[in-house]
Every structure is written in C-alpha cells, then in structure tokens.
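# Report on the structure
Residues per chain are reported as follows:
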Amino acid sequence: MQKRTKARKMLGTWRIDPELARQIMGHASSGQPRRFRKNQVIYEQGTTSTKFYFVISGLVQVSIVRVDGVEVVLEYMGPETICGEGAAFDRLPRFSRALAVEESETIEFDAARMEKVFVQHPEFASALLRVTSLKQRVLAVRLEHLASREPEGRIMDLFHRLQEMFAIDHAGGKLLITRLTHEQIGAMTGTSRVTVTRALRTLREANQIDIVDGLILVKTSPME
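Below, the structure is looked at part by part. Along each chain, numbering runs from 1 in the same order as the chain's sequence is written. Local features in this predicted model are restricted to residues whose pLDDT is 70 or higher, and side-chain atom pairs enter the listing and the counts only when it is 80 or higher, whereas totals over whole chains, interfaces and linings include all residues. Based on all heavy atoms of the structure, the side-chain values leave hydrogens and waters out of the count.

## Notes on helix 5 (residues 151-165)
Under the scheme used here, helices are H or I runs from DSSP no shorter than 4 residues and strands are E runs no shorter than 2 residues, and both carry numbers assigned from the N terminus. Here a helix's expected span is defined as the number of its residues, less one, multiplied by 1.5 Å. Here helix 5 is 15 residues long and its end C-alpha atoms lie 22 Å apart, about the 21 Å a rise of 1.5 Å per residue gives. Exposed residues in this analysis have more than 50% of their type's maximum accessible area, buried residues have under 20%, and partly exposed residues fall in between, with area computed by a 1.4 Å probe over protein chains only. Among the residues of helix 5, Pro-151, Gly-153, Arg-154, Ile-155, Met-156, Leu-158, Phe-159, Arg-161, Leu-162 and Met-165 are the ones counted as buried.

And the structure:
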C-alpha cells in the first residue's frame, strides 16, 4: 500500500458525471481562473463567502474539524469536481475546509453573481443542483456508516464507492487506480492509521481485497 512510483498519483475520491462536468466547464467564462499553491487554504471552516470552485487540475482536500478537534476528511477533489457551492449559495458559515494538497488550478465562481447567468442558462443551474444533491446523498450515507459500522465495513464502503468511479477490470476483481495512503483511508473512515493497517490485513485474509502493485484490488465474489 505504501509503494510509490513517479507515474502514480492520487486521482481523488470523488468524480462527477462527465456530461455535468462539461456543462459546468462550458460556463467557465462566468467565473475567473484561480491557482492555489500546494498546502494553500482555499477556504476555512466557519467563514462565510459566496465563492465556489471547479477544480481543473490538482487535488483539493475537503475536511471538517469536529468539536473534539479531530479532523475528518470528507473528500479529495481531483480534476472535474466542484467544492464550496453549498455555503456559497446559502451564505451561511462554511461547515468544511478546503486545502490544496498539491498545486491546483480552478475556476472560481461567485454565487452572488449567478442569478442572471442562471436565467440565461438554466442548464448550468440544473447541473450545479444535481452535483450538490449527489454530494449530499453520499455524505449522508457516509455519516450513517461512520456511526454504525466496524472499521472493516467502513473501509469497504469507501472502496466500493471508489470502485464506481476509479476502477478498472482486473483478474479477480476491480483495481482501484486512485492511490490512497493508510493515513488518508483513516482520515476518511474515522479510524487511526494503525487500525487501518489491521483492518486491511483482516480484509485480505477474508479474501475481500488484495494489494496489486501497491493498489487496492476489490475482489469479486463468485456469485458476481
């Protein structure tokens, strides 16, 4: 899991439908280009702003700091994803923080200036609404499982979700082509690195996963 190569990088943990991405990117002229250097904060939890971001390249970590001070990663947003749109439109304090994990290129939109754009281009508004609804659904399911499942179950939930967006066919199952470290898996499943290592060992012994060239292989059951 820790093996690294120059050609391999994390693609993210979220990806929107290519058609939705095209619709949003088709209105890039309604925003402005913004670049963020590695480890630069894009927005902070608790702040208010009408800005939201479409990621063109790079990687953005979206996380939330709980009342006990523990940071939980919600998603890693790679190319053709969007973040910050919920708070941008409701104009309430942001519930999450966004950080550029690597140098990232984005389009910054201002929700305060979108009304006229939406009147002229309702398909743009519809695309944003669909993306926001999908993100809310995924978040609700994740929160439910974080509170009710064992670490192995939470980790497999993550792998199955990633399988839908970042997997290729491989002998015996689906190979996840986005690379996550043990720390990143732990941050997304509410577990420690040590617990992740132990859980992955258990899952391998149960023949639910395997490691192929440093990538996770989600095994296919005989019935599938």
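## Some words on the packing of aromatic side chains
Between rings of Phe, Tyr and Trp, where Trp is taken as its six-membered ring, a pair exists when centres lie within 6.5 Å; planes separated by under 30 degrees are stacked, by over 60 edge-to-face, and by other angles tilted. Within the structure shown, the criterion is met by 7 aromatic pairs. Plain terms: the ring middles of Phe-89 and Phe-118 are 6.0 Å apart, the flat faces sit at 25 degrees to each other, and that makes the pair stacked. Taken together, the residues span a long stretch of sequence, with Phe-89 in helix 2 (residues 85-90) and Phe-118 in helix 3 (residues 115-120) at a distance of 29 residues. Ring centres of Phe-109 and Phe-124 lie 5.7 Å apart, and the angle between their planes is 55 degrees; on these two criteria the pair is classed as tilted. Taken together, the residues Phe-109 in strand 6 (residues 97-110) and Phe-124 in helix 4 (residues 122-148) connect sequence positions 15 residues apart. This pair shows no difference in class: Phe-109 is buried, exactly as Phe-124 is. Site record: aromatic cluster; members linked through ring pairs are Phe-52, Phe-89, Phe-109, Phe-118 and Phe-124. Positioned over the ring face of Tyr-43 is Arg-94, at 4.1 Å from the centre of the ring. Think of it as a cone above the ring: NZ of Lys or CZ of Arg counts as a charge over the ring if it is within 6 Å of the ring centre and within 35 degrees of the ring normal.

## Details of the packing of helix 6 (residues 182-189) against helix 7 (residues 193-205)
Angles shown run from 0 to 180 degrees and are taken between the N-to-C directions of axes, each axis being a line fitted to C-alpha atoms and, for helices, limited to the stretch in contact. Relative orientation of the contacting elements helix 6 and helix 7 amounts to 100 degrees, with a least axis distance of 8 Å. Classified by the interaxial angle, the pair formed by helix 6 and helix 7 is roughly perpendicular. Within the contact between the two elements, helix 6 uses His-182, Glu-183, Ile-185 and Gly-186 and helix 7 uses Arg-193, Val-196, Thr-197 and Leu-200. By the definition adopted for this analysis, an angle is roughly parallel if under 35 degrees, roughly antiparallel if over 145, roughly perpendicular if from 65 to 115, and oblique otherwise. Contact criterion: two residues are considered in contact whenever any of their non-hydrogen atoms come within 4.5 Å of each other.

## A short note on the pattern of salt bridges
We define a salt bridge as a contact between a side-chain nitrogen of Lys or Arg and a carboxyl oxygen of Asp or Glu at a distance within 4 Å. Counted under the stated rule, the structure contains 13 salt bridges. The salt bridge involving Arg-66 is made with Asp-68; its shortest N-O contact spans 2.7 Å. A relative accessible area of 40% places Arg-66 in the partly exposed class. Taking the shortest distance from any N to any O, the salt bridge between Glu-75 and Arg-161 comes out at 3.2 Å. You can see Glu-75 sitting in strand 4 (residues 71-77) and its partner Arg-161 sitting in helix 5, a full 86 residues away along the chain. Each member of the pair, Glu-75 as well as Arg-161, is classed as buried.

## What to know about the environment of Thr-197
In this fold, Thr-197 is placed in helix 7. We classify Thr-197 as partly exposed; its relative accessible area is 23%. Along the backbone, Thr-197 and His-182 are 15 residues apart, and their C-alpha atoms lie at a distance of 6.8 Å.

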